[in-house]
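# Close look at the chain arrangement
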Amino acid sequence: MQTCHGCTLYKHATQAVFGEGSAHAKIVLIGEVPGDQEDLAGKPFVGPSGQLLDEALGAGAIPRTEVYVTNAVKHFKFTQRGKRRIHDKPDRYEIAACKPWLESELELLDPAIVVLLGATAAQSLLGSAFRVTKERGHVLDTPLAKWTFATVHPASVLRAPDDEMRRIAREEFIADFELVGDYFKKL
Ligand code: URA
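Chains are numbered independently. Their residues run from 1 in the order of the written sequence. Totals for whole chains, interfaces and linings use every residue, but because this is a predicted model, local features are given only for residues with pLDDT of at least 70 and side-chain atom pairs only at 80 or more, for both listing and counting. To get the side-chain values, all heavy atoms of the structure are used, and hydrogens and water are removed first.

## Description of the pairing of strand β8 (residues 145-151)
- Burial here depends on accessible area, computed with a 1.4 Å probe over protein chains only, as a share of the maximum for the residue type. Under 20% is buried, over 50% is exposed, and the range in between is partly exposed. A run of H or I in DSSP counts as a helix once it spans at least four residues, and a run of E counts as a strand once it spans at least two, with each numbered from the N terminus. Among the seven residues of β8, six are classified as buried, and the element is accordingly described as predominantly covered.
- As paired elements, strand β6 (residues 113-117) and β8 share five bridges and run parallel to each other. Paired with I113 across the two strands is W147, which belongs to β8.
- Alignment of strand β7 (residues 140-142) against β8, held across two bridges, turns out to be antiparallel. In the strand pairing of β8, L140 is matched with T148.
- Between the end of β7 and the start of β8, which pair antiparallel, lie two residues. At least two bridges found by DSSP between two strands is the condition for calling them paired.

Structure representation (structure tokens):
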């Protein structure tokens, strides 16, 4: 992975951030792309989005030991503004270039549950017509796993425009993970 030149993102990122978790994990969570902190740490979801994710896993009574966390794209994409590195969305070429890595992770892990966090992960694996807002809140039947779920990206919860909208977005995100937890208990 560290020698991957499948797209140009490797040129500016610190390192590739591969997935992390047990090889026997029953649940795979798939985000978009590593952020600033993940790029520096070399681990997925260690920043603010990761904290919210941990909270949601707790609400669903899903132990971290049962979870493998990864991203649709493995190199940080950003625009430099002064000292700050501002996250950019990966484009469809970058998503397609990284897809073999993601597919290999899923093939090796063969999880019972896949949770797609946001449109990038969902559209990478289920096609560009997939709409997270329409498909969240219920179990999906896909070739990815026995049970697939889609929800919004945790960063979108944190970026909600005001306190009230943030509170609602957080509640909905937690409810999505409670549903995942209900299915996890059935395994
Ligand atoms: N957002 C993501 O999609 N992935 C991470 O690893 C961190 C933030």
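## Regarding the side chain of H153
- Looking at where H153 falls in the secondary structure, it is placed in the loop between β8 and α6 (154-158).
- Within the local environment of H153, its side chain forms a polar contact with the backbone nitrogen of A155, the two atoms lying 2.9 Å apart.
- The contact rule is simple, with two residues in contact once any of their heavy atoms fall within 4.5 Å. Non-local contacts of H153, meaning those with residues more than four positions away in its chain, are made with G31, E32, F45, S49, L117 and G118. In protein, a polar contact means a hydrogen-donor-capable atom and an acceptor-capable atom, both N or O and within 3.5 Å, with residues adjacent in sequence counting only if both atoms are side-chain atoms; elsewhere, any N or O pair within 3.5 Å suffices.

## Considerations on the site of the ligand
- Every residue near the ligand is listed here: G31, E32, V33, P34, G35, E38, P44, F45, N71 and H153.
- In the model, an oxygen atom of the ligand is placed 2.6 Å from a nitrogen or oxygen of the H153 side chain.
- Here the accessible surface of atoms and residues is derived via Shrake-Rupley with a 1.4 Å probe, and residues count as covered only by protein chains that are part of the display. For the ligand, the accessible surface in isolation is 240 Å², of which the surrounding protein chains cover 93%.
- Any residue outside Ala, Val, Leu, Ile, Met, Phe, Trp, Tyr, Cys, Pro, Asp, Glu, Lys and Arg is labelled polar, Gly included; the first ten of those are nonpolar and the last four are charged. Its residues placed into classes, the shell around the ligand shows four nonpolar, four polar and two charged. The criterion for a residue being near a molecule or strand is simple. One of its heavy atoms has to lie within 4 Å of it.

## A word on the sheet that holds β6
- Pairing within the open sheet is mixed, and its six strands lie in the order β1-β3-β2-β6-β8-β7. Strands with a single pairing partner mark the edges of an open sheet, and in this sheet they are β1 (20-21) and β7.
- Relative to β6, strand β2 (residues 27-31) runs parallel, the two sharing four bridges. Directly across from I27, in β6, lies its bridge partner I113.
- Between the N-to-C directions of two axes lies an angle of 0 to 180 degrees, each axis being a line fitted to C-alpha atoms and, for a helix, fitted only over the stretch in contact. Sheet contacts for helix α3 (residues 92-109): β2, β3 (67-71) and β6; angle to β3, the most-contacted strand, approximately 165 degrees.
- Helix α4 (residues 119-126) rests against β2, β6 and β7 of the sheet, and its axis sits at about 125 degrees to β6.

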